[in-house]
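Chain residues, written in single-letter form:
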Amino acid sequence: MSTVFFQSCSNFLSNSDKKSASVRYSLDSRAKAKINSGVSSYIQTLSRNSTSGDDTTSEDDTTSDYSVTLFLELCGDYEDSASISFEEGEGSVSFEGVPVGSLIYANAYVKVSAQDTEYVAYEGSSDAFTVTSGINQVSLILKKTEEGSGSEEDIEVDAVFYVSASIGNDQTGDGSESYPYASISKAVASFTDDEATYMICVDGALSSPQTISPDSTSDGTIHAGTIILAGLSSSASDYIDAGLSSETAEEDYASALTVSTEIPLYIKNFGISGGYTTNGAGLYLESGSSVILASGAVIQNNTATDYGGGVYVSPGATLVIEDDSQICGNTAYVGGGIYITGDDSESSLFASVTMNGGIINSNIETSTYDEGPRGGGAVCIYGSCAAFYLYGGQIYSNTASAYGGAFSVLNSATLCMYEGMIGGEDSTYANKSEDDSGGYGGAVYIADSGIFNMEGGSIMYNTSSATSSAGGGGVCAFSGTFKMTDGKIYGNSSAFTGGGVYVGSTGIFYLNGGSIAENTCTKTYGTGVYIKYYNESYGAFHVLDGSVDESNNVYLPDGATITIEGQPSEDNLVAVIYPETYIPTTSTSIFEFTDGLDKTAEDVFYKFPGK
């Protein structure tokens, strides 16, 4: 790990007599892998466009000559700034000598310098907080800026090859509109320029599985800089229909489209359907693949017997979901819509999906296991080097047999939600976990040290059908961590407990902001949040700010506590505590306080009235 320390020399609150502390922002390897992947893809596109037609500049020259720097600014009562260059491994920025009691906030941004230009690729800000003694960890999420995002509309196409379902011929065709090819792989084999942007334009419904792979080329290399796969008209009439099912499985067993190249691939106005195989029945992304689902891309009606009915994202692969693209109506044993898995032994093989828009809906997951990969009607994320970043779009009407109607976040995987919606404006959009004996998380299930950071967006009107154990109509933090900093959990329902949030006996819930309201469950207690006690262990409930509306309550079993991380907003009622045996007094023992926080029960008890 590389750590840089900074001591300010001129801050108006600095005083040698004041007690001081340190403030630190850490960027772990997973976050750095995500940023490096995003920057690298954009730099490749930028370099290919700027060097088009220049025979003297190689791709290696243009893509390697760039730098990435993290900048951090402290603002408020204490001001300072620092920067650190990206290196391998983890890194952090730390400020020493910050006066205790200062009210500050932090701004961070990632600047990229490349090809005589500079731009801010990611940025983020923290909430204001009061500095306490010891180490104060800054909590903020870096989000991609518009300036750091490329799209297929920005790319100049150098050549177009046509593929036709009706008149195409791989033997006599030349890829022109008059004499098109019959397969996508034949078009790929015709590419000749390593820096060029090629478009493959498909007319009609291709009736067999397709590949984009160097195996189809004469020299084992795809000679292209960027590839765009597009329908001639729209995804409704131009698509792959592999025509596979359980009835054809003895003879044909394949993904509708397999991608095996590090060259960025944009898919737009094109459909992918009819795949039937073990993993990634619709779209299978081999390691290193980078695919962007742009406007009009649709992946639907595919079936995987194991993982990823719609899409399988292998270690080291990335998928970006944009605009009005859709992943819908797919089925798998695990991860009905998408399955994401990284290689936990190698951080460079980080697998990720970024959703900026579009829809993931009506996918089905059927697993019955209670350990290992499981659940995720829409998406299953598995492993510490796997992540899903939700910036926009909607995920609704997906179904899991038991674990996570929309998301299953497992084995130290990460889900980050900034905007967008999981569920919808009423119960017709509900994601559902349907097993009556154990419906865990109508929207999100977190287990095996999985992590869910909710920075914004809405989780609304999802349903857990469990009638005898677990629950969590919105979120089930069974044995993982759920950190809610902003956003809304509203109108979710559970047939047992935890209408909004269920916290298992080894789960952790940080309520740092946002609101939980109007959720319901069959039991009268835990309509907002249910804390589980089992096998001498309590679910953990930490509070910095945010609120559980009076329409809901928080169930604390006897002996459970609430850990106070800071002083909630003055005008904020945090939560109504159930059961009735709880008596809010200045000496109540249900509160614990983080080290260095100068608070007592007398300071906070009135924000936690009893039921």
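Conventions adopted
Residues numbered from 1 in each chain as written. Predicted model: local features only at pLDDT ≥ 70, side-chain atom pairs only at ≥ 80, totals over all residues. Heavy atoms only, no water. Helix = DSSP H or I, 4+ residues; strand = E, 2+ residues; numbered from the N terminus. Buried < 20%, exposed > 50% of the residue type's maximum accessible area, 1.4 Å probe, protein only. Contact = heavy atoms within 4.5 Å. Areas by Shrake-Rupley, 256 points an atom, 1.4 Å probe, with all protein chains shown as cover. Polar contact = N/O pair within 3.5 Å; in protein donor to acceptor, adjacent residues only side chain to side chain. Pairing = 2+ DSSP bridges. Core = buried A, V, L, I, M, F, W, Y, C linked by side-chain atoms within 4.5 Å. Patch = residues over 30% accessible without salt bridge, like charges linked within 9 Å, V, L, I, M, F, W, Y side chains within 5 Å. Salt bridge = Lys/Arg side-chain N within 4 Å of Asp/Glu carboxyl O. Lys, Arg positive; Asp, Glu negative; His and termini not counted. Charge placed at Lys NZ, Arg CZ, Asp CG, Glu CD. pLDDT = per-residue confidence, 0-100. Phe/Tyr/Trp six-rings, centres within 6.5 Å; stacked < 30°, edge-to-face > 60°. Lys NZ or Arg CZ within 6 Å of the ring centre and 35° of its normal.

## Regarding the overall build of the protein
Looking only at helices and strands, one finds four helices and 59 strands in the protein. Burial statistics for the protein: of 611 residues in total, 55% are counted as buried. Taking all contacts inside the protein whose residues are at least 6 apart in sequence as the whole, residues at least 24 apart take part in 79%. Carbon and sulfur atoms make up 43% of the accessible area of the protein, which amounts to about 23600 Å² in all.

## Topic: the side chain of Asn363
With respect to the element layout, Asn363 can be found in the loop between β31 (359-361) and β32 (364-365). Within the structure, Asn363 has its side chain in polar contact with the backbone nitrogen of Gly329 (distance 3.4 Å). At 2.9 Å, the side chain of Asn363 and the backbone nitrogen of Asn330 are in polar contact. Contacts of Asn363, omitting those with residues within four sequence positions, involve Ile327, Cys328, Gly329, Asn330, Gly336, Gly337, Gly377, Ser397, Asn398 and Thr399.

## Digging into the sheet that holds strand β36 (residues 399-400)
On the basis of which strands lie adjacent, the open sheet formed by nine strands has the order β20-β24-β28-β32-β36-β40-β44-β48-β51 and parallel pairing. In this open sheet, the two edge strands, each paired with only one partner strand, are β20 (276-279) and β51 (520-521). Pairing of strand β44 (residues 463-464) with strand β48 (residues 493-494), which is carried by two bridges, proceeds in the parallel orientation. Bridge assignment links Thr463 to a residue of β48, and that residue is Ser493.

## As for the environment of Thr463
Following the sequence through the fold, Thr463 ends up in strand β44. Expressed as a C-alpha distance, the spacing of Thr463 and Gly474, which sit eleven residues apart in the sequence, is 7.1 Å. A polar side-chain atom of Thr463 sits 3.4 Å from a polar atom in the side chain of Ser493.

## Things to note about the nonpolar core
Among the nonpolar cores identified, the biggest contains 98 residues, and Ile338, Phe388, Phe407, Phe482 and Phe608 are the most heavily contacted of them. Core analysis: the next-biggest nonpolar cluster, separate from the first, contains 28 residues, Ala21, Leu27, Val68 and Ala121 among them.

## What about unusual backbone geometry?
Phi at Asn269 is positive, roughly 50°, even though this residue is not glycine. Within the fold, Asn269 resides in the loop between β18 (265-268) and β19 (271-273). A positive phi is found at Asn411, a non-glycine position, where the angle reads about 55°.

## Quick notes on a negative patch on the surface
The grouping of Glu156, Asp158, Asp193, Asp194 and Asp219 at the surface amounts to a negative patch. Turning to its location among the elements, Asp194 is positioned in the loop between α3 (184-189) and β12 (197-203).

## Points about the pattern of salt bridges
Tallied over the full model, the rule gives two salt bridges. Between Glu118 and Lys111 there is a salt bridge, and its shortest N-O distance comes to 3.9 Å. For Lys111, a relative accessible area of 24% translates into the label partly exposed. With a shortest N-O distance of 3.1 Å, Asp448 and Arg374 are connected by a salt bridge. On the criterion of sequence distance, the pair formed by Asp448 in the loop between β41 (444-447) and β42 (451-454) and Arg374 in the loop between β32 and β33 (379-382) is long-range, its members being 74 residues apart.

## Side note on the pairing of strand β37 (residues 407-410)
Side chains of β37 alternate between two faces, with Phe407 and Val409 and Ser408 and Leu410 buried alike. Here β33 pairs with β37 via four bridges, running parallel. Directly across from Val379, in β37, lies its bridge partner Phe407. With four bridges joining them, β37 and β41 adopt parallel strand pairing. The residue bridging Val409 from the neighbouring strand is Ile446, located in β41.

## Quick notes on the confidence of the model for the protein
On average, residues of the protein score 87 in pLDDT, and 86% of them reach the 70 mark or higher. Here residues 1-17 scores under 50 on pLDDT; set against residues more than four positions off or in separate chains, the count is 38 contacts. Low pLDDT, under 50, characterises residues 51-63; the predicted model gives this stretch 17 contacts beyond four residues in sequence or across chains.

## Regarding the packing of aromatic side chains
Counted by the stated rule, this structure contains 29 aromatic pairs. Arranged with centres 4.5 Å apart and planes meeting at 25°, the rings of Tyr391 and Tyr418 form a pair that is stacked. Here the residue Tyr391 occupies a position in the loop between β34 (386-390) and β35 (394-396), and Tyr418 occupies one in the loop between β38 (414-417) and β39 (421-423), the gap between them amounting to 27 residues. Across this residue pair, the class does not change: Tyr391 and Tyr418 are buried. Ring centres 4.5 Å apart and planes at 40° place the aromatic pair Tyr533 and Tyr538 in the tilted group. For Tyr533, a relative accessible area of 39% gives the class partly exposed. Owing to a relative accessible area of 31%, Tyr538 belongs among the partly exposed residues under this scheme. Among the aromatic residues, ring-to-ring pairing joins Tyr502, Tyr525, Tyr530, Tyr555 and Tyr578 into one connected group. Sitting over the face of the ring of Tyr403, Arg374 holds its NZ or CZ atom 5.5 Å from the ring centroid.

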